[in-house]
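# Fold and geometry: a report
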Amino acid sequence: HEFRFMLVNQIQRDMKSSNFLEVCAALSAVCKIVTEDMIPAVVGEVVKLFKHEMDIVRKKSLCAMHRLYQMDKRSVTDHILKIRN
């Protein structure tokens, strides 16, 4: 459990980085290693990255959101509704 906590913490920090490569790496990690119980901790930052200045970050954030949606539709439904409005 401690490892998961540290992992989520690092992903959150990397998604807030000013370096777009770190942000992209964090979004790739969201797609590959985040589990259902970690979704609430990362979904907010993923949504914020939809407005990033770099198109590659926006693309990866959309891919990450799709993956989160595949894992647990209920966890991301509220965020999807906010995006549409």
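For the structure, see preceding data.
### Notes on the packing of helix α1 (residues 2–15) against helix α2 (residues 20–33)
The interhelical angle for the contact between α1 and α2, taken along N-to-C directions, is 140°, at an axis separation of 7 Å. Taken together, α1 and α2 sit at an angle that is classed as oblique. Between α1 and α2 the crossing geometry is left-handed. On α2, the residues touching L7, I11, D14 and M15 of α1 are E22, V23, A26, L27, A29, V30 and I33. Considered class by class, the residues forming the contact of α1 with α2 number 9 nonpolar, no polar and 2 charged.

### Focus on the nonpolar core
The biggest cluster of nonpolar side chains holds 24 residues, and the ones touching the most others in it are I11, M15, L27, V30, V34, V46 and L68. Listed by contribution, the elements that provide at least two residues to this core are α1, α2, α3 (39–48) and α4 (55–71). When residues of this core are assigned to their parent elements, the largest contribution, 6 residues, is made by α2. Excluding its chain neighbours within four sequence positions, the residues that come into contact with V46 are M15, L27, V30, S61, A64, M65 and L68.

The rules we used
- Residues numbered from 1 in each chain as written.
- Predicted model: local features only at pLDDT ≥ 70, side-chain atom pairs only at ≥ 80, totals over all residues.
- Heavy atoms only, no water.
- Axes fitted to C-alpha atoms, helices over the stretch in contact; angles between N-to-C directions.
- Helix = DSSP H or I, 4+ residues; strand = E, 2+ residues; numbered from the N terminus.
- Parallel < 35°, antiparallel > 145°, perpendicular 65-115°, else oblique.
- Left-handed = near helix turned anticlockwise from the far one by under 90°.
- Contact = heavy atoms within 4.5 Å.
- Nonpolar A, V, L, I, M, F, W, Y, C, P; charged D, E, K, R; others polar.
- Core = buried A, V, L, I, M, F, W, Y, C linked by side-chain atoms within 4.5 Å.
- Buried < 20%, exposed > 50% of the residue type's maximum accessible area, 1.4 Å probe, protein only.

Interpretation in functional terms is not warranted from these geometric data alone.
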